[in-house]
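Residue-level structural notes
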Number of protein chains: 2
Amino acid sequence: MNEVPGSVGTSAGFSLRLAQALFSSASLLFMSLGVEFYSYTAFCYLVTIMGLVIPWSFTLALVDGYSVLVKCPVRQPGILLIIAAGDWVLSVLTLAAACSTASVVDLLLHSGGPYCPPKCCSRYQLSAAMAFLTWFLSLASALLNLWVLPSL
Amino acid sequence: MNEVPGSVGTSAGFSLRLAQALFSSASLLFMSLGVEFYSYTAFCYLVTIMGLVIPWSFTLALVDGYSVLVKCPVRQPGILLIIAAGDWVLSVLTLAAACSTASVVDLLLHSGGPYCPPKCCSRYQLSAAMAFLTWFLSLASALLNLWVLPSL
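Position numbers for residues start from 1 in each chain and track the written sequence from start to end. Lettering of chains starts at A and numbering of ligands starts at 1, both following the order in which they are written. At least 70 in pLDDT is required for a residue's local features to be given in this predicted model, at least 80 for side-chain atom pairs to be given and counted, and no such filter applies to totals for whole chains, interfaces and linings, which use all residues. Only hydrogens and water are set aside; all other atoms, that is, all heavy atoms of the structure, feed into the side-chain values.

Labelled according to an unreviewed UniProt entry, chain A appears under the name CASP-like protein, originating from Theobroma cacao. UniProt positions are given in the numbering used here, feature names are shortened, and annotations may be inferred rather than shown by experiment. Listed in UniProt under the heading Sequence similarities (unreviewed entry), the comment for chain A reads: "Belongs to the Casparian strip membrane proteins (CASP) family." According to the UniProt record, the Subcellular location (unreviewed entry) comment for chain A reads "Cell membrane".

This part takes up the relation of the copies chain A and chain B. Its rotation angle being 180°, the transformation that places chain A on chain B also includes 0.0 Å of axial translation and leaves an RMSD of 0.0 Å. Such a combination of turn and shift is consistent with a two-fold rotation axis. Among all residues of chain A, the one whose C-alpha sits closest to the rotation axis is A:S100, at a distance of 2.3 Å. When checking whether two residues touch, look at their non-hydrogen atoms; a contact exists if any pair is within 4.5 Å. Interface overlap between copies: 100% of the residues of chain A at the interface are likewise at the interface in chain B, consistent with a symmetric, same-surface contact. For this overlay, a least-squares fit was computed on C-alpha atoms, restricted to residues scoring pLDDT of at least 70 in both copies.

Further remarks concern the interface of chain A and chain B. Counting residues at the interface gives 15 residues for chain A and 15 residues for chain B. Note on definitions: buried area is the accessible-area loss of two parts on being combined, 1.4 Å probe, summed for both. Counting the surface lost from both chain A and chain B, the interface buries some 1200 Å², and carbon and sulfur atoms represent 79% of this. Take a side-chain nitrogen of Lys or Arg and a carboxyl oxygen of Asp or Glu: if they are within 4 Å of each other, that pair is a salt bridge. For the pair chain A and chain B, the interface holds zero salt bridges. A 3.5 Å cut-off defines polar contacts: any pair of N or O atoms within that distance qualifies, except that in protein one atom must be a possible hydrogen donor and the other a possible acceptor, and neighbouring residues in sequence count only when both atoms are side-chain atoms. At the surface where chain A touches chain B, the tally comes to five residue pairs in polar contact (both at pLDDT 80 or more). Only DSSP runs of H or I covering at least 4 residues are called helices, and only runs of E covering at least 2 are called strands; the numbering of each starts at the N terminus. Secondary-structure elements contributing two or more residues to the side of chain A that touches chain B are α2 (41-69) and α3 (77-111) of chain A. Sort the elements by how many residues they give to the side of chain A that touches chain B and α3(A) lands first, with 11 residues. Partitioned by chemical class, the residues of the side of chain A that touches chain B number 11 nonpolar, three polar and one charged. Each residue gets one of three labels, nonpolar for Ala, Val, Leu, Ile, Met, Phe, Trp, Tyr, Cys and Pro, charged for Asp, Glu, Lys and Arg, and polar for the others, Gly among them.

With that settled, consider the packing of helix α2 (residues 41-69) of chain B against helix α3 (residues 77-111) of chain B. Residue and element names in this part refer to chain B. At a minimum axis separation of 9 Å, α2 and α3 run at an interaxial angle of 150°. When the axes of α2 and α3 are compared, the crossing they make is left-handed. Considering only residue class, the contact of α2 with α3 consists of 20 nonpolar, four polar and one charged. Axis lines are fitted through C-alpha atoms, for helices just across the contact stretch, and the angle between N-to-C directions can take any value from 0 to 180 degrees. Handedness of a crossing is defined here by the sense of rotation of the near helix relative to the far one, left-handed for an anticlockwise turn of less than a right angle and right-handed for a clockwise turn.

Those places that UniProt annotates as "transmembrane region" (unreviewed entry) correspond, in this numbering, to residues 78-105 and 126-149 of chain A. Between the end C-alpha atoms of residues 126-149 of chain A the distance is 35 Å, and the span holds 96% helix and 0% strand.

Within the secondary structure, A:S127 is located in helix α4 (residues 118-148). Once residues lying within four places of it in the same chain are set aside, the contact partners of A:S127 are A:S27, A:F30, A:M31 and A:L46.

In this scheme Phe, Tyr and Trp rings, the latter by its six-membered ring, pair at centre separations within 6.5 Å, and the angle between planes marks the pair as stacked below 30 degrees, edge-to-face above 60, and tilted otherwise. The final tally for this structure, using the stated rule, is five aromatic pairs over all chains. A centroid spacing of 5.2 Å and a plane angle of 65° characterise the contact between A:Y40 and A:F43, whose relative ring orientation is edge-to-face. The same class applies to A:Y40 as to A:F43, namely buried. Seen from their ring centres, B:F43 and B:Y124 are 4.5 Å apart, and the 40° between their planes marks the pair as tilted. Here the residue B:F43 occupies a position in helix α2, and B:Y124 occupies one in helix α4 (residues 118-148), the gap between them amounting to 81 residues. With respect to class, B:F43 is no different from B:Y124; both count as buried. Members of the aromatic cluster, joined through ring pairs, are A:Y40, A:F43 and A:Y124. Buried, partly exposed and exposed residues are distinguished by accessible area as a fraction of the type maximum, computed with a 1.4 Å probe on protein chains only: under 20%, between the cut-offs, and over 50%, respectively.

The definition of a nonpolar core used throughout is a set of buried Ala, Val, Leu, Ile, Met, Phe, Trp, Tyr and Cys residues joined through side-chain atoms within 4.5 Å. Of all hydrophobic cores here, the largest spans 40 residues; its most connected members are A:M31, A:F43, A:L108, B:M31, B:F43 and B:L108. Among the elements of the structure, α2, α3 and α4 of chain A together with α2, α3 and α4 of chain B are those that each provide at least two residues to this core. Residues contacting A:F43, with those up to four places away along its chain left out, are A:M31, A:F37, A:T101, A:V104, A:V105, A:L108 and A:Y124.

As structure tokens, this is what we get:
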């Protein structure tokens with residue numbers, strides 16, 4: 001079979017996973033470092049989801065890196081199915097977290113007042129933007145893995 | 001080819017579309033009737049998206065009903081591809097709108113005060129719940145149509 005760039009076990013897939021891990025870590029850091037995120041449900045949800053996405057992406061980046069190095073891509077339909085399903089679920093959850101965070105930040109910005117010091121709010125915005133980027137990359141991974149699945 | 005229940009031109013597909021149109025109309029009505037939704041970005045976004053979903057679901061319900069009546073299901077790959085792509089885009093947008101609305105309602109409920117009279121807030125909550133149901137049904141349509149596509 002021909003390889004689809006971006007699926008499990010290719011170098012493009014490795015870069016996709018690495019970028020996902022990077023952006024989700026950035027989102028988590030912007031949200032949690034020195035900011036009182038635990039007073040808003042949406043922000044706690046974002047932190048929880050990013051705590052799931054980071055180990056998932058990092059593990060799969062390791063798998064991809066290993067199979068690129070030994071030149072032996074993963075070809076078991078069962079494993080690919082699990083990876084594709086996990087990607088789908090995580091991308092839906094990431095989208096939900098990113099949208100919730102973005103809408104709460106927007107509300108805080110417009111209501112003004114003591115709820116949102118300018119420095120904190122720009123951090124929240126950056127965190128939401130990183131979460132959207134993570135969603136986009138995770139969706140790309142999920143689509144590419146789903147594309148590979150029927151050809152096995 | 002065998003028919004997949006729930007795809008375009010089947011009676012299950014017709015009921016799916018009808019339920020989508022029903023729930024999205026309910027979401028729009030709960031949000032917009034007698035409630036000042038235009039002061040929150042997330043609520044305006046929900047109203048916009050529901051204004052897109054309602055005509056889309058209603059048109060496809062008509063198409064499904066017609067093809068069930070004349071017993072001639074739609075089998076052109078081009079048309080099915082457009083319908084599946086539209087379903088995917090609308091289901092992502094609906095999920096985003098539902099999450100934004102739910103998180104803003106949650107924030108308003110917890111902040112209390114004059115922003116959220118109890119009667120309005122329960123309406124907003126119902127609207128968000130209906131939007132989540134619309135998303136779920138729209139995702140089901142999109143998956144079933146995508147499933148049919150390769151067999152044509």
